[in-house]
Amino acid sequence: MTKEDNVTEVLSKDGVNSVDLKTFENKETVTLDEVSEKFNTTSWATRIVYNERFGGVLIKQNPGEGNRLHYHPDADECWVILEGEWEWYIDGIGKRIVKKNDIVTVKKNVNHKITCIGDKPGIRFAITKPDVEHIYED
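Residues numbered from 1 in each chain as written. Predicted model: local features only at pLDDT ≥ 70, side-chain atom pairs only at ≥ 80, totals over all residues. Heavy atoms only, no water.

## A few points about the side chain of Arg47
Worth spelling out the cut-off: A run of DSSP states H or I qualifies as a helix once it reaches four residues; a run of E qualifies as a strand once it reaches two. Both are numbered from the N-terminal end. Throughout this description, a polar contact denotes any pair of N or O atoms lying within 3.5 Å of each other; where both atoms belong to protein, one of them has to be capable of donating a hydrogen while the other can accept it, and for residues adjacent in sequence the pair is counted only when both atoms sit in side chains.
Summarising the element assignment, Arg47 is placed in strand 3 (residues 44-50). A polar side-chain atom of Arg47 sits 2.8 Å from a polar atom in the side chain of Glu25.

## Brief notes about the nonpolar core
Convention followed: Put simply, buried Ala, Val, Leu, Ile, Met, Phe, Trp, Tyr and Cys residues joined by side-chain atoms within 4.5 Å make one nonpolar core. Note on classification: 1.4 Å probe, protein chains only; a residue is buried when its accessible area is under 20% of the maximum for its type, exposed when over 50%, partly exposed between these limits. Residues are treated as being in contact if the distance between any of their heavy atoms lies within 4.5 Å.
Within the largest apolar cluster, 18 residues are counted, with the highest numbers of intra-cluster contacts made by Leu11, Ile59, Trp79, Trp86 and Trp88. The set of elements that each furnish at least two residues to this core consists of helix 1 (7-13), strand 4 (55-61), strand 5 (77-83), strand 6 (85-90), strand 8 (103-106) and strand 9 (112-117). Considering each element in turn, this core owes the most residues, three residues, to strand 6. Not counting the four nearest positions on each side in its chain, Trp88 is found in contact with Trp79, Ile81, Gly94, Lys95, Arg96, Val98, Val104, Lys113, Ile114 and Arg124. Within the second largest apolar cluster, nine residues are counted, among which are Ile48, Val49, Leu58 and Phe125.

Structure representation (structure tokens):
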């Protein structure tokens, strides 16, 4: 079992090319266009909100990209799908396809894996406790 709680390291290992935790953090207003213009890579992540209660990260990935199977031992997590289509695997539920305007919630201690599918990139807004611990099976 591997434990990780460094957001930049987690996202980089999940194949995200560019991670920026400061530029848009806690700004009063942020647009997707503004964020997209900053990055010149095909996949990116940027933290939008960070406080003592929760953190929120925008993540853009291409079809076939996503995260590794993992769970969080002490926090639920949710995502708002802003663009594209994603395949979610959630233990106890199985696979499900979600798309723009869908909201997905996974309880703590439940394995889950996210993969962008279809023919265009996807963007999701992930929300959970700050610096949440990710547990991966070795």
